[in-house]
Amino acid sequence: MIDFTVRDQGRGVPEDKLEQIFERFEQVDSSDGREMGGSGLGLSISRSIVERHGGRIWAESPYGSGATFHFTLPEVIPTPESPQSPEPAAAEDPAPGNVAGHPSAE
């Protein structure tokens, strides 16, 4: 696994909310959305992305001293047998001024 760490210098997250902040529309304080902006979706989306890639995400925070967010992702090592990405197919250029597939191009 590859480990990533992100630290901030905000006010921190109380221990009882360290898991809750990863839920949709959750923020440390209900006034955060009004004062600081945001909808409380960022960490929920981050967790979804990390977990879909086989990783894990969590936070640590001594309240009043910022927060540290950690996530892990599996290391992918390409092998000689790994299929290579196919070359993109060359697109045919439509006549100048015409857009392929548009009724005026016919």
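Let me sum up the structure you'll find in this document. Every value quoted in this text rests on a predicted model; they were computed, and no experiment measured them. (Residues numbered from 1 in each chain as written. Predicted model: local features only at pLDDT ≥ 70, side-chain atom pairs only at ≥ 80, totals over all residues. Heavy atoms only, no water.)

**Concerning the pattern of salt bridges**
Here comes step 1: One pass over the full model with this rule turns up 2 salt bridges.
Here comes step 2: Two residues, E19 and R47, come together in a salt bridge whose shortest N-O distance is 2.6 Å. Taken together, the residues E19 in the loop between β1 (2-7) and α1 (32-36) and R47 in helix α2 (residues 42-52) connect sequence positions 28 residues apart.
Here comes step 3: For R47, a relative accessible area of 13% gives the class buried.
Here comes step 4: The partner of R47 in a salt bridge is E51, with the nearest N and O atoms 3.7 Å apart. Of the two residues, R47 and E51 are both situated in helix α2; the distance of 4 residues between them amounts to about one turn of the helix.
Here comes step 5: Residue classification places E51 among the partly exposed residues on the basis of a relative accessible area of 47%. (Salt bridge = Lys/Arg side-chain N within 4 Å of Asp/Glu carboxyl O. Helix = DSSP H or I, 4+ residues; strand = E, 2+ residues; numbered from the N terminus. Buried < 20%, exposed > 50% of the residue type's maximum accessible area, 1.4 Å probe, protein only.)

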